[in-house]
Amino acid sequence: LHLISLTDIKAPVVKSFEAMRPQLEAELRRQQAQKSFAELSVNFSDMVYEQSDNLSAAAAKFGLAVQTQKGVERAAGPDSKTPAVLASPKVLEAVFAEDSIRQKRNISAVEAAPGQLVSARVLAHYPAAARPLKEVAPTVRDVLLGQKAAALAKTEGEAQLKAWKEGAAPTSALAAAKVVSRMQPQGLPARLLAAAMTAQLAKEAPAWAGVDLGEQGYAVVRVNKVLPREAPVAAQAEQERQQLNQLWAQAEGKLFLQALRKRHEAVVLAKDGQAVVAR
């Protein structure tokens, strides 16, 4: 039972229109930009999907330049020359999907970064091949050293994570807390972000999670609290709804083709992509 005594009522200070003008203008510009991006992204997504045998049509319509990049690797390392826009894990996953490599059609528009949609098409794919030992010896040495260092980092990281979970105070200053989300990862690696987003918080206590990042070391994240997502503006909500519907339609289309292949015992030849029926 709570007893509340009201002692005073204070009216909020009403700011003048002139005082609020900069804030209102900035908010309106932000809303208009989101609305424009939502409309353009839907049109862009539809066009690269419907005209999946080329990127020229979409580039011409939206005033873009088609760029060509050679030597894109499935796992872009620190010395990779792959541009950042293509090195996005989401983009690489779509580019190296079996359908993208075999059929050489445009990948579905991927949001590589907030406000940045990307589509790509594989022109040629070269499977990984063994190189002479003399040629790769320096790289092999670096890889072995990296593996040993990663193993040591994992052992130390897991021990430190266990101590922190048991209540030990951090021996060194932690990085400043930051608000992250799936759309705004703030530079966190994908696996570390996934661990943070799925961490279970106990009452009045932060959650700890550790992730083995391979050659990048072992990372520990502390989740202090979970914040609700800000309600999207109408244009952004509509964009998300249309993108979800498009992804759902594509998934249903793939399942339908798989069902047809299974029913009619069709086999897709990897060499030329033509389907034959074996009965």
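Anything mentioned here points back to the structure above.
Here is a short report on the structure shown in this document. (Residues numbered from 1 in each chain as written. Predicted model: local features only at pLDDT ≥ 70, side-chain atom pairs only at ≥ 80, totals over all residues. Heavy atoms only, no water.)

**Some points on the overall build of the chain**
As a reminder of what qualifies: For the purposes of this entry, the term helix denotes a DSSP run of H or I that reaches at least four residues, the term strand denotes a run of E that reaches at least two, and both are numbered from the N terminus. We take the radius of gyration over the C-alpha atoms and set the globule estimate at 2.2 Å times the residue count to the 0.38 power. Surface exposure here means Shrake-Rupley accessible area, sampled with a 1.4 Å probe, where a residue is shielded only by the protein chains that are shown. The charge count includes Lys and Arg as positive and Asp and Glu as negative, but it does not include His or the ends of the chains. Here the site of a charge means atom NZ of a Lys, CZ of an Arg, CG of an Asp or CD of a Glu.
Each helix and strand in the chain was counted, giving seven helices and six strands. The order of α-helices and β-strands along the chain, N terminus first, is α-α-α-α-β-β-α-α-β-β-α-β-β. Taking 2.2 N^0.38 as the reference for a compact globule, 279 residues should give roughly 19 Å; the C-alpha atoms of the chain span a radius of gyration of 25 Å, well beyond that estimate. For the chain, the spread of C-alpha atoms along the principal axes amounts to about 85 × 50 × 40 Å. Carbon and sulfur atoms make up 57% of the accessible area of the chain, which totals about 21500 Å². For the chain, the centre of its 36 positive side-chain charges and the centre of its 28 negative side-chain charges are spaced 3 Å apart.

**A word on the side chain of Asn106**
The cut-off we apply is this: Using a 1.4 Å probe on the protein chains alone, a residue whose accessible area is under 20% of its type maximum counts as buried, one over 50% counts as exposed, and one in between counts as partly exposed. In protein, a polar contact requires one atom able to donate a hydrogen and another able to accept it; more generally it is a pair of N or O atoms within 3.5 Å, and residues adjacent in sequence count only if both atoms are side-chain atoms. We call two residues contacting when some pair of their heavy atoms lies within 4.5 Å.
Note on placement: Asn106 falls in the loop between α4 (98-103) and β1 (110-113). When its relative accessible area of 10% is taken as the criterion, Asn106 is described as buried. Within polar-contact distance, the side chain of Asn106 engages the backbone oxygen of Gln51 at 3.0 Å. Here Asn106 is in contact with Val48, Gln51, Ser52, Asp53, Asn54, Leu55, Ser119, Ala120 and Arg121, once residues within four sequence places are set aside.

**Focus: unusual backbone geometry**
A positive phi is found at Lys104, a non-glycine position, where the angle reads about 55°. Among the structural elements, Lys104 can be located in the loop between α4 and β1. Lys104 gets classed as partly exposed once you look at its relative accessible area, which sits at 30%. The phi dihedral of Gln186 is positive, around 55°, even though this residue is not glycine. Exposure remark for Gln186: the relative accessible area of 43% places this residue in the partly exposed category.

**Quick notes on helix α6 (residues 190-197)**
Test applied: This arc corresponds to the set of directions leading from the helix axis out to the C-beta atoms.
Along α6, the residues classified as buried are Leu192, Leu193, Ala195 and Ala196. The buried residues of α6 occupy one face: seen down the axis, they fall within an arc of 160°. Turned more than 90 degrees away from the buried face of α6, the exposed residues are Ala190 and Arg191. Here the buried face of α6 lies against β3 (207-212) and β4 (218-223).

**Section: the side chain of Gln239**
Along the chain, Gln239 falls in helix α7 (residues 234-263). Classification of Gln239 as buried rests on a relative accessible area of 7%. Here Ser41 takes part through its side chain, which lies 3.2 Å from a polar atom of the side chain of Gln239. Aside from chain neighbours lying at most four places away, what touches Gln239 is Phe37, Ala38, Ser41 and Val42.

**A short note on the pairing of β4**
The condition is simple: Criterion used throughout: strands pair if DSSP finds at least two bridges between them.
Relative to β4, β3 is paired through six bridges, and the arrangement is antiparallel. Each residue of the ladder has a partner; that of Asp212, found in β4, is Tyr218. Where β3 folds back on β4, the antiparallel hairpin that results is connected by five residues, among which Gly214 adopts a positive phi of roughly 70°.

**Topic: the nonpolar core**
This is how it is decided: Each nonpolar core is a collection of buried residues, namely Ala, Val, Leu, Ile, Met, Phe, Trp, Tyr and Cys, held together in the definition by side-chain atoms within 4.5 Å.
Among the nonpolar cores identified, the biggest contains 13 residues, and Leu192, Val211, Val221 and Val223 are the most heavily contacted of them. Elements with a contribution of two residues or more to this core: α6, β3 and β4. Sort the elements by how many residues they give to this core and α6 lands first, with four residues. With residues near it in sequence (within four places) discarded, Val221 still touches Leu192, Ala196, Ala207, Trp208 and Ala209.

So yeah, pure geometry; function would need other evidence.
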